[in-house]
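Below are the chains, spelled out letter by letter.
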Amino acid sequence: MIEWVFISLGIVFLLTSLWPSYKTIHHKTKPLKIALLGFAFIAIGRLHFTHLWEVSNTVIGATLLALAHYANWKLLRIATKQNH
């Protein structure tokens, strides 16, 4: 149960981080799609088939979440450079 609470909080924090950038600045869905895929991997990892299943899916999901933040940051930098 605690894991699902943290996953839910992670989704809230991620959306408060990525959504404003998408909505007001760059209008690209790529970071949101990557983040959604990352959370899907983390959720699939919670199915507990094996320990390796859980760990590998969690690592892949967390990596995708970090990649989503990086993609968002790159899009923000491009948009900032275009506006100057």
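Residues numbered from 1 in each chain as written. Predicted model: local features only at pLDDT ≥ 70, side-chain atom pairs only at ≥ 80, totals over all residues. Heavy atoms only, no water.

A. Inspection of the overall build of the chain at higher detail. Scanning the chain from N- to C-terminus turns up 3 helices and 0 strands. Based on the C-alpha atoms only, the size of the chain along its principal axes is roughly 50 × 20 × 15 Å. For the chain, the proportion of its 84 residues judged to be buried stands at 30%. Of all intrachain contacts in the chain linking residues separated by at least 6 positions in sequence, the fraction that spans at least 24 positions is 58%. (Helix = DSSP H or I, 4+ residues; strand = E, 2+ residues; numbered from the N terminus. Buried < 20%, exposed > 50% of the residue type's maximum accessible area, 1.4 Å probe, protein only. Contact = heavy atoms within 4.5 Å.)

B. Main features of the side chain of His26. Looking at the secondary structure, you find His26 in helix α1 (residues 2-26). Classification of His26 by relative accessible area gives buried; the value is 9%. At 2.7 Å, the side chain of His26 and the side chain of Asn72 are in polar contact. When residues no more than four places from it in sequence are discounted, the contact partners of His26 are Ser21, Pro31, Asn72, Leu75 and Leu76. (Polar contact = N/O pair within 3.5 Å; in protein donor to acceptor, adjacent residues only side chain to side chain.)

C. Spotlight on helix α3 (residues 51-83). Relative to the 48 Å expected for 33 residues at 1.5 Å per residue, α3 spans 48 Å between its end C-alpha atoms, a close match to the ideal helical length. Looking at the buried positions of α3, the neighbouring elements they touch are α1 and α2 (30-45). (Expected span 1.5 Å × (residues − 1).)

D. Region of interest: the confidence of the model for the chain. On average, residues of the chain carry a pLDDT of 91, and 99% of them reach 70 or more. Within the chain, the element-level pLDDT minimum falls on α1, averaging 87, and the maximum on α2, averaging 94. (pLDDT = per-residue confidence, 0-100.)

E. Geometry of the UniProt feature "transmembrane region" (unreviewed entry) in the chain. Summarizing the sequence annotation, UniProt attributes the feature "transmembrane region" (unreviewed entry) to residues 6-22, 34-53 and 59-76 in the numbering used throughout. Helix makes up 100% of residues 59-76 and strand 0%, with an end-to-end C-alpha separation of 26 Å. (UniProt positions renumbered as here; feature names shortened; annotations may be inferred.)

F. Highlighting the nonpolar core. The biggest cluster of nonpolar side chains holds 13 residues, and the ones touching the most others in it are Leu14, Leu18, Ile34, Ala35, Phe39, Leu65 and Ala68. Elements that contribute at least two residues to this core include exactly α1, α2 and α3. In terms of residue count, α2 provides more of this core than any other element does, 5 residues in total. Discounting chain neighbours no more than four positions away, the residues touching Leu14 are Trp19, Ala35, Phe39, Leu65 and His69. (Core = buried A, V, L, I, M, F, W, Y, C linked by side-chain atoms within 4.5 Å.)

G. Layout of the packing of α1 against α2. Viewed as axis vectors pointing N to C, α1 and α2 meet at an angle of 170 degrees, and their least axial separation amounts to 10 Å. Relative to α2, the element α1 is oriented roughly antiparallel. Here Trp4, Ile7, Gly10, Ile11, Leu14, Leu15, Leu18, Trp19, Tyr22 and His26 of α1 come into contact with α2, specifically with Pro31, Leu32, Ala35, Phe39, Ile42 and Ala43. Of the residues contributing to the contact of α1 with α2, the split by class is 14 nonpolar, 2 polar and no charged. (Axes fitted to C-alpha atoms, helices over the stretch in contact; angles between N-to-C directions. Parallel < 35°, antiparallel > 145°, perpendicular 65-115°, else oblique. Nonpolar A, V, L, I, M, F, W, Y, C, P; charged D, E, K, R; others polar.)

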